[in-house]
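Working through the structure, step by step
One letter stands for each residue in the lines below.
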Amino acid sequence: MTAFRLGLTGGIGMGKSTTAAMFAAAGVPVWDADATVHRLYAPGGAAALALAAALPQAIAADGAVDREALRRLIAADPSVLDRLNAIVHPLVAADRAAFVASAQADIVLLDIPLLYETGAQAMCDAVAVVSAPPEVQRARVLARGSMTEAMLETILDRQMPDAEKRARADYVIPTTTLEVAQGAVKDVLADIRRRIAADA
Ligand code: ADP
(Lines give C-alpha, C1' and ligand atoms only; values in the text may rest on other atoms or scores of the structure.)
Protein backbone atom coordinates (compact mmCIF):
# COMPACT_ATOMS: atom_id res chain seq x y z
CA MET A 1 0.00 0.00 0.00
CA THR A 2 1.33 3.46 -0.79
CA ALA A 3 2.08 5.68 2.17
CA PHE A 4 -0.23 8.48 3.29
CA ARG A 5 1.36 11.73 2.12
CA LEU A 6 1.25 14.43 4.78
CA GLY A 7 2.41 17.82 3.50
CA LEU A 8 4.11 20.15 5.99
CA THR A 9 4.37 23.86 5.37
CA GLY A 10 4.41 27.22 7.12
CA GLY A 11 5.79 30.70 6.77
CA ILE A 12 9.44 31.54 7.35
CA GLY A 13 10.49 31.09 10.98
CA MET A 14 7.26 29.37 11.99
CA GLY A 15 9.16 26.25 13.06
CA LYS A 16 8.78 23.97 10.04
CA SER A 17 12.27 22.44 10.21
CA THR A 18 11.98 21.87 13.94
CA THR A 19 8.58 20.23 13.49
CA ALA A 20 9.76 18.08 10.56
CA ALA A 21 12.49 16.75 12.87
CA MET A 22 9.78 15.78 15.38
CA PHE A 23 7.99 13.73 12.69
CA ALA A 24 11.31 12.13 11.74
CA ALA A 25 11.97 11.27 15.38
CA ALA A 26 8.53 9.61 15.46
CA GLY A 27 9.68 7.32 12.63
CA VAL A 28 8.04 9.17 9.73
CA PRO A 29 10.25 9.30 6.59
CA VAL A 30 10.71 12.96 5.59
CA TRP A 31 11.14 14.27 2.05
CA ASP A 32 12.65 17.77 2.08
CA ALA A 33 11.85 19.94 -0.95
CA ASP A 34 14.65 22.45 -0.25
CA ALA A 35 17.25 19.72 0.23
CA THR A 36 16.11 18.09 -3.00
CA VAL A 37 16.59 21.31 -4.97
CA HIS A 38 20.00 21.69 -3.34
CA ARG A 39 21.01 18.22 -4.54
CA LEU A 40 19.64 18.85 -8.04
CA TYR A 41 21.61 22.15 -8.21
CA ALA A 42 24.92 20.63 -7.05
CA PRO A 43 27.69 19.80 -9.56
CA GLY A 44 26.52 16.80 -11.60
CA GLY A 45 22.95 17.20 -10.29
CA ALA A 46 20.15 16.69 -12.81
CA ALA A 47 19.05 20.34 -12.75
CA ALA A 48 22.63 21.60 -13.05
CA LEU A 49 23.16 19.39 -16.11
CA ALA A 50 19.88 20.46 -17.74
CA LEU A 51 20.49 24.15 -17.01
CA ALA A 52 24.03 23.96 -18.38
CA ALA A 53 22.40 23.42 -21.76
CA ALA A 54 19.39 25.74 -21.40
CA LEU A 55 20.82 28.60 -19.31
CA PRO A 56 24.62 28.34 -19.34
CA GLN A 57 24.99 31.80 -17.70
CA ALA A 58 23.45 30.30 -14.54
CA ILE A 59 26.20 27.71 -14.06
CA ALA A 60 29.26 28.35 -11.90
CA ALA A 61 32.78 27.20 -12.76
CA ASP A 62 32.40 24.05 -10.63
CA GLY A 63 29.27 23.01 -12.55
CA ALA A 64 26.79 23.89 -9.82
CA VAL A 65 23.80 26.15 -10.36
CA ASP A 66 24.81 29.66 -9.30
CA ARG A 67 21.75 30.91 -7.36
CA GLU A 68 22.97 34.50 -7.36
CA ALA A 69 23.42 34.42 -11.15
CA LEU A 70 19.94 32.93 -11.45
CA ARG A 71 18.48 35.76 -9.37
CA ARG A 72 20.17 38.33 -11.61
CA LEU A 73 18.97 36.59 -14.79
CA ILE A 74 15.39 36.43 -13.49
CA ALA A 75 15.49 40.08 -12.40
CA ALA A 76 16.64 41.09 -15.89
CA ASP A 77 14.13 38.84 -17.71
CA PRO A 78 11.15 37.43 -15.77
CA SER A 79 10.53 34.79 -18.48
CA VAL A 80 13.69 33.07 -17.22
CA LEU A 81 11.70 32.01 -14.13
CA ASP A 82 9.21 30.10 -16.31
CA ARG A 83 12.03 28.38 -18.18
CA LEU A 84 13.71 27.51 -14.91
CA ASN A 85 10.51 26.10 -13.42
CA ALA A 86 9.81 24.07 -16.57
CA ILE A 87 13.16 22.35 -16.05
CA VAL A 88 13.33 22.09 -12.27
CA HIS A 89 9.71 21.27 -11.31
CA PRO A 90 9.53 17.93 -13.18
CA LEU A 91 12.86 16.85 -11.64
CA VAL A 92 11.64 17.72 -8.14
CA ALA A 93 8.32 15.95 -8.78
CA ALA A 94 10.11 12.81 -9.99
CA ASP A 95 12.33 12.78 -6.91
CA ARG A 96 9.31 13.15 -4.63
CA ALA A 97 7.37 10.42 -6.43
CA ALA A 98 10.30 8.01 -6.18
CA PHE A 99 10.61 8.77 -2.46
CA VAL A 100 6.91 8.09 -1.82
CA ALA A 101 6.94 4.92 -3.94
CA SER A 102 9.92 3.45 -2.09
CA ALA A 103 8.94 4.47 1.46
CA GLN A 104 8.49 1.59 3.87
CA ALA A 105 6.01 3.37 6.14
CA ASP A 106 2.29 4.05 6.55
CA ILE A 107 2.84 7.83 6.57
CA VAL A 108 5.48 10.01 4.88
CA LEU A 109 6.06 13.72 5.44
CA LEU A 110 6.56 16.05 2.48
CA ASP A 111 8.31 19.17 3.82
CA ILE A 112 7.52 21.92 1.30
CA PRO A 113 8.07 25.60 2.24
CA LEU A 114 5.92 27.07 -0.57
CA LEU A 115 3.39 24.22 -0.62
CA TYR A 116 0.21 26.21 -1.28
CA GLU A 117 2.05 28.82 -3.35
CA THR A 118 3.12 26.08 -5.80
CA GLY A 119 -0.08 24.00 -5.72
CA ALA A 120 1.69 21.04 -4.09
CA GLN A 121 -1.38 20.28 -1.96
CA ALA A 122 -2.53 18.27 -5.00
CA MET A 123 0.30 15.80 -4.22
CA CYS A 124 -0.70 15.46 -0.55
CA ASP A 125 -3.40 13.42 1.19
CA ALA A 126 -3.49 16.06 3.95
CA VAL A 127 -1.60 19.21 4.84
CA ALA A 128 -0.33 20.39 8.23
CA VAL A 129 0.61 24.04 8.73
CA VAL A 130 3.00 25.18 11.47
CA SER A 131 1.93 28.46 12.97
CA ALA A 132 2.86 30.94 15.68
CA PRO A 133 1.76 34.53 16.33
CA PRO A 134 3.29 37.07 13.90
CA GLU A 135 5.39 38.75 16.58
CA VAL A 136 6.90 35.37 17.50
CA GLN A 137 7.63 34.71 13.83
CA ARG A 138 9.37 38.09 13.39
CA ALA A 139 11.41 37.69 16.56
CA ARG A 140 12.56 34.20 15.55
CA VAL A 141 13.64 35.22 12.07
CA LEU A 142 15.41 38.40 13.20
CA ALA A 143 17.13 36.49 16.04
CA ARG A 144 18.97 34.43 13.41
CA GLY A 145 20.85 37.64 12.66
CA SER A 146 21.16 37.01 8.93
CA MET A 147 18.16 39.07 7.88
CA THR A 148 17.02 42.67 8.17
CA GLU A 149 13.39 43.72 8.76
CA ALA A 150 13.23 44.86 5.12
CA MET A 151 14.42 41.47 3.83
CA LEU A 152 11.83 39.75 6.01
CA GLU A 153 9.07 42.02 4.65
CA THR A 154 10.04 41.11 1.06
CA ILE A 155 9.88 37.40 1.87
CA LEU A 156 6.59 37.69 3.75
CA ASP A 157 5.09 39.57 0.79
CA ARG A 158 5.82 36.57 -1.45
CA GLN A 159 4.32 34.02 0.96
CA MET A 160 0.65 33.27 1.41
CA PRO A 161 -0.54 34.90 4.68
CA ASP A 162 -0.46 32.58 7.68
CA ALA A 163 -4.22 32.98 8.28
CA GLU A 164 -4.94 31.78 4.75
CA LYS A 165 -2.65 28.79 5.14
CA ARG A 166 -4.35 27.88 8.42
CA ALA A 167 -7.79 28.16 6.83
CA ARG A 168 -6.78 25.73 4.07
CA ALA A 169 -4.92 23.23 6.23
CA ASP A 170 -6.23 19.90 7.48
CA TYR A 171 -4.11 20.31 10.62
CA VAL A 172 -2.58 23.33 12.35
CA ILE A 173 0.47 22.66 14.52
CA PRO A 174 1.03 25.49 17.00
CA THR A 175 4.75 26.09 17.54
CA THR A 176 4.53 28.40 20.54
CA THR A 177 6.58 25.93 22.61
CA LEU A 178 8.39 22.70 21.78
CA GLU A 179 6.07 20.75 24.10
CA VAL A 180 2.93 22.12 22.40
CA ALA A 181 4.31 21.31 18.95
CA GLN A 182 5.38 17.83 20.05
CA GLY A 183 1.89 17.13 21.39
CA ALA A 184 0.31 18.33 18.15
CA VAL A 185 2.62 16.10 16.07
CA LYS A 186 1.54 13.11 18.14
CA ASP A 187 -2.15 14.04 17.73
CA VAL A 188 -1.80 14.51 13.96
CA LEU A 189 -0.17 11.08 13.54
CA ALA A 190 -2.85 9.44 15.68
CA ASP A 191 -5.62 11.12 13.68
CA ILE A 192 -4.11 10.08 10.33
CA ARG A 193 -3.74 6.49 11.56
CA ARG A 194 -7.43 6.53 12.56
CA ARG A 195 -8.27 7.76 9.06
CA ILE A 196 -6.10 5.06 7.44
CA ALA A 197 -7.76 2.37 9.58
CA ALA A 198 -11.25 3.69 8.78
CA ASP A 199 -10.51 3.65 5.04
CA ALA A 200 -9.06 0.14 5.07
P1 ADP B 1 11.44 27.33 9.77
O2 ADP B 1 12.02 26.02 9.29
O3 ADP B 1 9.94 27.35 9.72
O4 ADP B 1 12.03 28.55 9.15
P5 ADP B 1 12.76 26.65 12.29
O6 ADP B 1 12.27 25.27 12.58
O7 ADP B 1 14.14 26.81 11.80
O8 ADP B 1 11.75 27.44 11.34
O9 ADP B 1 12.55 27.47 13.63
C10 ADP B 1 12.78 28.88 13.70
C11 ADP B 1 13.15 29.24 15.13
O12 ADP B 1 12.06 28.99 15.99
C13 ADP B 1 14.31 28.43 15.69
O14 ADP B 1 15.07 29.28 16.50
C15 ADP B 1 13.65 27.35 16.53
O16 ADP B 1 14.46 26.95 17.59
C17 ADP B 1 12.41 28.07 17.01
N18 ADP B 1 11.29 27.10 17.18
C19 ADP B 1 10.82 26.28 16.22
N20 ADP B 1 9.80 25.55 16.68
C21 ADP B 1 9.60 25.92 17.97
C22 ADP B 1 8.69 25.53 19.00
N23 ADP B 1 7.74 24.60 18.78
N24 ADP B 1 8.79 26.12 20.20
C25 ADP B 1 9.73 27.07 20.42
N26 ADP B 1 10.63 27.48 19.50
C27 ADP B 1 10.57 26.93 18.28
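For the structure, check the block above.
Residues numbered from 1 in each chain as written. Predicted model: local features only at pLDDT ≥ 70, side-chain atom pairs only at ≥ 80, totals over all residues. Heavy atoms only, no water.

Once that is clear, we can look at the sheet that holds strand 1 (residues 4–9). Pairing within the open sheet is parallel, and its 5 strands lie in the order 2-3-1-4-5. On the outer flanks of this sheet lie strand 2 (30–32) and strand 5 (171–174), each paired with one strand and no other. The average undirected angle you get between the axes of adjacent strands in this sheet is 25°. Sheet topology places strand 1 next to strand 3 (residues 107–111); 5 bridges connect them, and they run parallel. Within the sheet, the bridge partner assigned to F4 lies in strand 3 and is I107. Running at roughly 55° to strand 2, helix 2 (residues 33–41) makes contact with strand 2 and strand 3 of the sheet. Along the sheet, helix 5 (residues 79–102) contacts strand 1, strand 2 and strand 3; its crossing angle with strand 2, the most-contacted strand, is approximately 175°. (Pairing = 2+ DSSP bridges. Helix = DSSP H or I, 4+ residues; strand = E, 2+ residues; numbered from the N terminus. Axes fitted to C-alpha atoms, helices over the stretch in contact; angles between N-to-C directions. Contact = heavy atoms within 4.5 Å.)

Attention now moves to the pattern of salt bridges. Here the structure, examined in full by the defined rule, presents 11 salt bridges. The partner of R138 in a salt bridge is E149, and the shortest N-O contact between them spans 3.0 Å. Here E149 lies in helix 7 (residues 149–158) and R138 lies in helix 6 (residues 134–143), a separation of 11 residues in the sequence. For E149, a relative accessible area of 47% corresponds to the partly exposed category. A salt bridge links R194 to D191, with the nearest nitrogen and oxygen atoms 3.3 Å apart. With R194 and D191 both in helix 9 (residues 178–199), this residue pair falls 3 residues apart, about one helical turn. Given the relative accessible area of 24%, D191 is considered partly exposed. Here the residues in one salt-bridge network are R138, E149 and E153, joined through shared partners. (Salt bridge = Lys/Arg side-chain N within 4 Å of Asp/Glu carboxyl O. Buried < 20%, exposed > 50% of the residue type's maximum accessible area, 1.4 Å probe, protein only.)

Its boundaries defined by the atoms lining it, the largest pocket holds a volume of some 1,900 Å³. Along its surface, the largest pocket is lined by 44 residues, and D34, V37, R67, P113 and L114 are the ones closest to its centre. Within the residue set of the lining of the largest pocket, elements represented by two or more residues are helix 1 (16–25), helix 2, helix 4 (67–76), helix 5, helix 7 and helix 9. Here the lining of the largest pocket gets 8 residues from one element, more than from any other, and that element is helix 5. Grouping the constituent residues of the lining of the largest pocket by class yields 21 nonpolar, 14 polar and 9 charged. (1 Å grid on protein atoms, 1.4 Å probe; cavity = no way out; pocket = protein on both sides within 12 Å on 5 of 7 lines; lining within 4 Å. Points joined across faces, edges and corners; volume = space filled by probe spheres on them. Nonpolar A, V, L, I, M, F, W, Y, C, P; charged D, E, K, R; others polar.)

Neighbouring the ligand are 14 residues; K16, S17, T18, R140 and R144 lie closest to it. At a separation of 3.3 Å, an oxygen atom of the ligand approaches a polar backbone atom of M14. Within the backbone of T175, one N or O atom sits 3.3 Å away from a nitrogen atom of the ligand. Judged by its atoms lying within 2 Å of the grid points, the ligand is housed in the largest pocket. Only helix 1 and helix 9 provide two or more residues apiece to the shell around the ligand. Residues that form the shell around the ligand fall into these classes: 3 nonpolar, 8 polar and 3 charged. (Near = heavy atom within 4 Å. Polar contact = N/O pair within 3.5 Å; in protein donor to acceptor, adjacent residues only side chain to side chain. Sits in = over half its atoms within 2 Å of the grid points.)

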